[in-house]
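# Examination of the molecular architecture
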Amino acid sequence: MAALVAVCGDLGRKKLTHCVKAALCLTDPGTHAVLWRSCSQYKHVAGNEDLPLLSQFISPFTGCIYGRHITGLCGKKQKEITKAIKRAQIMGFMPVTYKDAAYLKDPKVCNIKYRE
Amino acid sequence: KMKTKKQPETAAALKRTVEALMDRGAIVRNLENLGDRTLPYKISAHSQRHSRGGYFLVDFYAPATAVESIMEHLSRDIDVIRPNVVKHPLTQEVKECEGIVPVPLEEKLYSTKKRK
């Protein structure tokens, strides 16, 4: 029992550091023209003008929205981003199956590695 | 927000829409033209396939009960490709997001439910 608890305690600590690291990485501001505001000091996801921001969270090949384990956002912001993307797609502001060509060169925000 | 077919009668269509809004008791604040562009995907509406459209954004105050009748009226209009009514994003309050809070996993190891 004691040994089990010790092992799980170690695992817990590892997970904690991972979470804290993720939060720290997110606070680094992007240096490019397209701004990405981090999860902690984020203002409300804007109506429909923020297509560059929303396009950063979809795949350039399939247009699928990245999950929480890739974007690293917290629960609330992930939900807001997803809802905003879906709304923009249905309203006809954002393409669904691909990423708009103008936003392909944006800084990488998500934790994804593409095949060269 | 609605999309209109790019034709010389765009002004007439806009005027019709604004008048319909005012008939239902809406107070129009602002009308913006977001430009004409190719739609992100081809949209079929009123037995026609559209690939280019003009985007117009109408700011208005209206009672919540009028939304249904507005949508119904806009869907009947042939010139309007995709009518949409959304809440104004700036009226919603901005909540502070603390980011991902690290949860102590030792507490989640054993369930705290009362067992007989």
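As the structure is a computational prediction, the values presented were derived from the model and not from experiment.

## Here we look at the nonpolar core
- In terms of nonpolar packing, the biggest core is built from 24 residues, with Leu54(A), Phe57(A), Ile85(A) and Met94(A) touching the most fellow members.
- Sorting the residues of this core by element identifies α2 (51–55) and α4 (75–91) of chain A together with β2 (27–44) of chain B as the ones contributing at least two each.
- Considering every element that reaches this core, the biggest residue donor is α4(A), with five residues.
- Here Ile85(A) is in contact with Leu54(A), Phe57(A), Ile58(A), Ile65(A) and Met94(A), once residues within four sequence places are set aside.
- Of all hydrophobic cores here, the second largest spans seven residues; its members include Leu21(B), Ala26(B), Val58(B) and Ile70(B).

## With respect to the environment of Thr71(A)
Residues and elements named next belong to chain A.
- Within the secondary structure, threonine 71 sits in helix α3 (residues 68–71).
- On the basis of relative accessibility, which here comes to 3%, the residue threonine 71 falls in the buried class.
- C-alpha separation for the pair threonine 71 and glutamine 56, spaced 15 residues apart in sequence, amounts to 9.4 Å.
- Here glutamine 78 takes part through its side chain, which lies 2.8 Å from a polar atom of the side chain of threonine 71.

## Let's talk about the pattern of salt bridges
Residue and element names in this part refer to chain B.
- As enumerated under the stated definition, the model contains four salt bridges over all chains in all.
- In this structure, arginine 16 and aspartate 77 form a salt bridge, with 2.9 Å as the shortest nitrogen-oxygen distance. With a gap of 61 residues between them, arginine 16 in helix α1 (residues 10–23) and aspartate 77 in the segment after α2 (66–76) connect regions that are remote in the sequence.
- We classify arginine 16 as partly exposed; its relative accessible area is 38%.
- With its nearest N and O atoms 3.0 Å apart, the salt bridge here joins arginine 16 to aspartate 79. Taken together, the positions of arginine 16 in helix α1 and aspartate 79 in the segment after α2 put the pair 63 residues apart, joining distant regions of the chain.
- Owing to a relative accessible area of 12%, aspartate 79 belongs among the buried residues under this scheme.

## Observations regarding the side chain of Ser55(A)
Residues and elements named next belong to chain A.
- Looking at where serine 55 falls in the secondary structure, it is placed in helix α2.
- Under the relative-accessibility criterion, serine 55 is labelled buried at 2%.
- The residues contacting serine 55, other than those within four sequence positions of it, are Met94, Lys99 and Tyr103.

## Brief notes about the pairing of strand β3 (residues 49–61) of chain B
Residue and element names in this part refer to chain B.
- Sheet topology places β2 next to β3; 12 bridges connect them, and they run antiparallel. Each bridged residue has a counterpart across the sheet, and for serine 44 the counterpart in β3 is arginine 49.
- Joining the antiparallel neighbours β2 and β3 is a turn of four residues, in which histidine 46 adopts a positive phi near 55°.

## Looking at α1(B)
Residue and element names in this part refer to chain B.
- Spanning 14 residues, α1 covers 20 Å between terminal C-alpha atoms, matching the ideal 20 Å at 1.5 Å per step.
- Of the positions making up α1, those classed as buried are Thr10, Ala13, Leu14, Thr17, Val18, Ala20 and Leu21. Relative to the axis of α1, the buried residues are bounded by an arc of 160° and lie together on one face. Residues of α1 that are exposed and angled more than 90 degrees away from the buried face: Ala11, Lys15 and Asp23.
- Of the residues flanking the end of α1, it is glycine 25, one or two places downstream, whose phi is positive at about 85°.

What counts as what
- Residues numbered from 1 in each chain as written.
- Chains lettered and ligands numbered in written order.
- Predicted model: local features only at pLDDT ≥ 70, side-chain atom pairs only at ≥ 80, totals over all residues.
- Heavy atoms only, no water.
- Core = buried A, V, L, I, M, F, W, Y, C linked by side-chain atoms within 4.5 Å.
- Buried < 20%, exposed > 50% of the residue type's maximum accessible area, 1.4 Å probe, protein only.
- Helix = DSSP H or I, 4+ residues; strand = E, 2+ residues; numbered from the N terminus.
- Contact = heavy atoms within 4.5 Å.
- Polar contact = N/O pair within 3.5 Å; in protein donor to acceptor, adjacent residues only side chain to side chain.
- Salt bridge = Lys/Arg side-chain N within 4 Å of Asp/Glu carboxyl O.
- Pairing = 2+ DSSP bridges.
- Expected span 1.5 Å × (residues − 1).
- Arc of directions from axis to C-beta.

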